[in-house]
Amino acid sequence: MAANMNKLNLLSLAVVVALAGCSDDDDNDYKTLVVNNTLPVGSQQCVNGGTETLEGEDTNRNGELDADEVLETNLNCNDPASSLTPQQLVNLSTNQWFKDAKVKMATSQENIAGIVKESGKAKNIILFVGDGMGVSTVTAARILAGQQEGKMGEEHLLSFDTMPFSGFAKTYNVDAQTPDSAGTMTAMTSGVKTDVGVIGVDEDIERGDCSTVAGNELITATELAEINGLATGIVSTARITHATPAATYAKSADRNWEDVSDMPEDAVTGGCEDIASQLVNFEANLEARFAGVDVDGLEVVMGGGRRHFLPKDAAFNSADAVSAVEGDRTDERNLITEWQAKYPTGQYVMDQAGFNNLDTETATQVFGLFNESHMQYEADRGNDIAGEPSLSEMTAKAIDVLDNNDKGFFLTVESGRIDHAHHAGNAYNALNDTIELSKAVQVAMDKTSIEDTLIIVTADHSHVFTIAGYPKRGNPILGKVVAVGSEEPSLAADGMPYTTVGYANGLGFRNLGDETNADAAYLEAPAVGRYDLTAVDTTSAGFHQEAAVPLGSETHAGEDVGVYAIGPGAHLVTGTNEQSYLFHVMDYAADLVKNADAKLAN
Amino acid sequence: MKLVILSLALLSPLASAAQCTIDSQYMQASYKVSQQHEVDTAVHTQQFTLWRTLSQAAQQDEQLVEVWQQLSNQQLRPIRYFVQDKRGIEYQPSEVKAKQNFSSKQQLVSDELLAKMTLQSERGEGCDKVQKYSLKQADTTIEVSWVVNKKLLESMHITKPTGSQTIILQSVSFDKQTVQQQFAVWDNYQTTDYADIGDNESDPFLAKMINLGFIEHSAPGFYDTNGKTLKGGHHHSHH
């Protein structure tokens, strides 16, 4: 536009010069006329409208400036419009997407204005971790949840999608581009990134070397909360000794040292304590580490992993035992009875009935070990021998017990098996466990107040799980790609249909029908590449998506994960941050370090 | 014990049959598998051992042991032991129809398949009573020699247009202590949940699992209850 204006002006000047020459020669005296024309929006000269000034001499003396009398033309174009008239906006303002976004804008502004930004205002903190719940998993689970409710799906929101603040976490470990749960959860719960495979220790550790633990132990948010007199709890659908929950309470040179039988001889003789033992000795170990500290231990522990707490002797089998000998411990210790001796008023439960009978108003401590190993996938829960609670049920019960402490509580909740279903290449279970996590988060949001409870939802790492192709809106997320305007599945270059969700690597295609246990896939060798899915119901529980690279187990992925937050300090969850930053958000929200320092000083 | 059985056998064939079933609950049986394909006249042979207790069954060869445990809720839980590495992978109970399948694990030929077959002849008495069965299904013929009161497969022969497969009992013993000890040896191997394999790429044994995939232990197809997947041999293949 600017270039055009310059050209017009140059042209006009050239005309003026020529006419000036004539005027001198003929000595005529014509009246100079100036005309201002308003240019409408969208005009050729000025797209945003403006004024056109025409100047010339009335050579035919008719009192008007005729076109051939114009000597100079000047354009004064308006700046781009900063607002449109209601009439211009009508296509937008009546549009539902537009209206929804306006409402969301107002809500977002209210959220920003209303957030408690001062430090130390969070009485309670709940950290939810979806193990392996990358962004694509959240998106696909959201669509599946919506479709399960009869909607198209894409417009649906998981509970944590409604949280006012969100950002990204960079998940890499100090020594690994693509991380594991041990290093990532240590970063989140201690504020320090560390190596892959180690728990609660910094990067100066050598994985698997017990002698390098001493002096490199980190302190966790759970421990700080405990020192501060808050009620503390850990809930997971994985073994409670598994990497993610372990990083809240244990220090270990290897994530796999879940019980003494998992440790090399030199680690045992070197004085390293297995993870299960550290859980039961949490109170004693914390008091030993910080002189003068008097804590009361974890109030709520719920998850799987009973085998790491029982002696390797069939006499100790529970009614829920899967193996011929349930316990794995080779040191003859029964950590369940040890826990009961430490907390005589506490309640140990191992099945759904015991869980249901818990009186949360009177319970002082609850120790729930609901499975010999990991708890069941949510979709597979019906197959548990003695029955076990869901993640949302455990979350509700945990909060009901923890909120008996007037000072507040710190709770960590892990959905541990999203990761396992992805490893098995089974989107059905990964997404259904993510939906169950969403329900658990909703329970927490309903049971607490935005005024005094910080809730953070995130993942430790992602998976190589993709949502691909060009399926039409509302196409079943676990189905085959059906293009916009079509009723039949799209065909790939090989002439066969393909699914929307899939994996870059792993075991590949399985068609196990209504099998709700994702791990049944491991019984066969990898079967990567393409299969004819024409007659296959890819939405069934037992369908395992195709994979490109054959691996015995699908792998983690290295991209960022989402972080969602609500409550005091949640405004700090914004932008792209190192994963270790999350500890500092929680610390700020509840003054964890400051208060613990004060406690230790007294 | 043998004397007791013998005397019971003399007293009552019925009591004897029940007693030999009880006495054969703990079993170690060695089998030879011979396979011959139509296009390849060479006979391929393999050996494996079937172990069983009341609630467990195992098939063992040089490298791999596949154990199936029957749980209190009738589900089956498989475990694979890798003998050279002294390591095991534990799987979750699968939702197979446990009862019928567990008989196939314990006996190599399931009760359901036997029920489908036609009794051709019988010989012997009491514990040694052997029944001959046959079944023709499409182009497949199955012949089974079955020591009925010991629930012991003596032989099985499968003939298809593409080749034939024979499984023959080489030796058998019913020493409870030996069987229990063998299961205890495997139970002491370090085991890992299959669900945890993906998180353990730093473990050389498990890394092999992740990068190369599992060593497929192709189940002997001849004990399939439907007689459908009778193509398998007892072999290992790396993928």
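No experiment lies behind these values; they were computed from the predicted model shown.

K.L.:
Tell me about the overall build of chain B, and please be specific about residues and values.
P.N.:
Secondary structure assignment for chain B yields six helices and 14 strands. Considering only residue pairs separated by 6 or more positions, chain B has 45% of its internal contacts joining residues 24 or more positions apart.

K.L.:
Please set out the overall build of chain A residue by residue, giving values where relevant.
P.N.:
When its secondary structure is counted, chain A shows 17 helices and 20 strands. Here the C-alpha coordinates of chain A stretch approximately 125 × 70 × 45 Å along the principal axes. Taking all contacts inside chain A whose residues are at least 6 apart in sequence as the whole, residues at least 24 apart take part in 68%.

K.L.:
Explain the sheet that holds strand 3 (residues 70-77) of chain A to me, using residue names and the numbers behind them.
P.N.:
All names here are of chain A. The antiparallel open sheet is built from three strands, whose spatial order is 1-2-3. With one partner strand each, in any of the chains shown, strand 1 (32-41) and strand 3 form the two edges of the open sheet. Along the sheet, successive strands turn relative to each other by an average axial angle of 15°, direction set aside. Pairing geometry for strand 1 and strand 2 (residues 48-57), over nine bridges, is antiparallel. Of the residues in strand 2, the one forming a bridge with N36 is T53.

K.L.:
How would you summarise the pairing of strand 4 (residues 124-130) of chain A if you had to cite specific residues and measurements?
P.N.:
Residues and elements named next belong to chain A. The buried fraction of strand 4 is high, at seven of seven residues. Here strand 4 shows a buried face lined by N124, I126, F128 and G130 and a second buried face lined by I125, L127 and V129. As judged from the six bridges shared by strand 4 and strand 10 (residues 409-415), these two strands associate in the parallel manner. Looking across to strand 10, one finds that F128 is bridged to V413.

K.L.:
Lay out the confidence of the model for chain B in plain terms, naming residues and giving numbers.
P.N.:
Low pLDDT means the predicted coordinates in that region are not meant to be read closely. Residue and element names in this part refer to chain B. When pLDDT is averaged along chain B, the result is 79; 77% of the residues meet or exceed 70. In the model of chain B, strand 14 (residues 236-237) stands out as the element of lowest mean pLDDT, 32, in contrast to strand 7 (residues 118-123), which has the highest, 96. Low pLDDT (under 50) marks residues 1-11, which in the prediction has ten contacts with non-local residues, meaning those over four places away or in another chain. Predicted confidence for residues 214-239 stays below pLDDT 50, and this span has 66 contacts to residues more than four positions away or in other chains. Interface scoring of the predicted complex returns ipTM 0.71; its pTM is 0.82.

K.L.:
Give a description of the sheet that holds strand 10 of chain A that names residues and reports values.
P.N.:
Residue and element names in this part refer to chain A. Spatial ordering of the open sheet is given by 8-9-7-6-10-4-11-19-5-20, a layout of ten strands whose pairing is mixed. Looking along the sheet, the strands with just one partner apiece sit at the ends: strand 8 (347-349) and strand 20 (575-578). The mean inter-strand angle of the sheet, taken between neighbouring strand axes irrespective of direction, is 15°. The sheet contact formed by strand 11 (residues 453-459) and strand 19 (residues 561-566) spans four bridges and is antiparallel. Note that in strand 19 the partner of I456 across the bridge is A565.

K.L.:
Residues and numbers for the environment of A238 of chain A, please.
P.N.:
Residues and elements named next belong to chain A. By secondary structure assignment, the location of A238 is in strand 6 (residues 231-239). Under the C-beta neighbour-count criterion, A238 is labelled buried, with 28 such atoms within 10 Å. Note: C-alpha distance between A238 and N356 (118 residues apart in sequence) is 20 Å. Contact partners of A238, with chain neighbours within four places excluded, come to D131, T244, P245, G303, G304, H374, E414, G416 and R417.

K.L.:
Please provide a residue-by-residue account of unusual backbone geometry, values included.
P.N.:
Residue and element names in this part refer to chain A. Residues other than glycine seldom take positive phi values, yet R61 does so here, at roughly 50°. Summarising the element assignment, R61 is placed in the loop between strand 2 and strand 3. Exposure remark for R61: the 9 C-beta atoms within 10 Å place this residue in the exposed category.

K.L.:
Break down the confidence of the model for chain A for me, with residues and values.
P.N.:
Averaged over every residue, the pLDDT of chain A is 92; residues scoring 70 or more account for 93%. In this model, residues 1-25 of chain A is a region of pLDDT below 50 whose contacts with residues beyond four sequence positions or in other chains number 13 contacts.

K.L.:
Tell me about the packing of helix 4 (residues 135-148) of chain A against helix 15 (residues 427-447) of chain A, and please be specific about residues and values.
P.N.:
Residues and elements named next belong to chain A. Their axes nearest at 9 Å, the elements helix 4 and helix 15 cross at an angle of 80°. Comparing their axes, helix 15 and helix 4 come out roughly perpendicular. Residues T137, V138, A140, A141, L144 and A145 of helix 4 touch helix 15, and the partners they reach there are A427, A430, L431, T434, I435 and S438.

K.L.:
Which residues make up the nonpolar core, and what values do they have?
P.N.:
Core analysis: the biggest nonpolar cluster contains 134 residues, and F128, I456, A565 and M586 of chain A have the highest contact counts within it. The biggest single contributor to this core is helix 15 of chain A, with ten residues. V65, I89, V109 and A195 of chain B belong to the second-largest nonpolar core, a separate cluster that totals 39 residues.

K.L.:
Can you explain the environment of N595 of chain A? Please cite residues and give values.
P.N.:
All names here are of chain A. Counting through the fold element by element, N595 comes out in helix 17 (residues 592-601). Owing to 19 C-beta atoms within 10 Å, N595 belongs among the partly exposed residues under this scheme. In this structure, the C-alpha to C-alpha distance between N595 and N334, residues 261 residues apart in sequence, is 35 Å.

K.L.:
Please set out the environment of V295 of chain A residue by residue, giving values where relevant.
P.N.:
Residues and elements named next belong to chain A. Position of V295 relative to the elements: it lies in the loop between helix 10 (282-289) and strand 7 (300-304). With 70 residues separating them in the primary sequence, V295 and A225 have C-alpha atoms 10.0 Å apart. Here V295 is in contact with E226, I227, E283, L286 and E287, once residues within four sequence places are set aside.

What counts and how
- Residues numbered from 1 in each chain as written.
- Chains lettered and ligands numbered in written order.
- Predicted model: local features only at pLDDT ≥ 70, side-chain atom pairs only at ≥ 80, totals over all residues.
- Helix = DSSP H or I, 4+ residues; strand = E, 2+ residues; numbered from the N terminus.
- Contact = placed C-beta atoms within 7 Å.
- Pairing = 2+ DSSP bridges.
- Axes fitted to C-alpha atoms, helices over the stretch in contact; angles between N-to-C directions.
- Buried ≥ 20, exposed ≤ 12 C-beta atoms within 10 Å, placed from the backbone.
- pLDDT = per-residue confidence, 0-100.
- Parallel < 35°, antiparallel > 145°, perpendicular 65-115°, else oblique.
- Core = buried A, V, L, I, M, F, W, Y, C linked by C-beta atoms within 7 Å.

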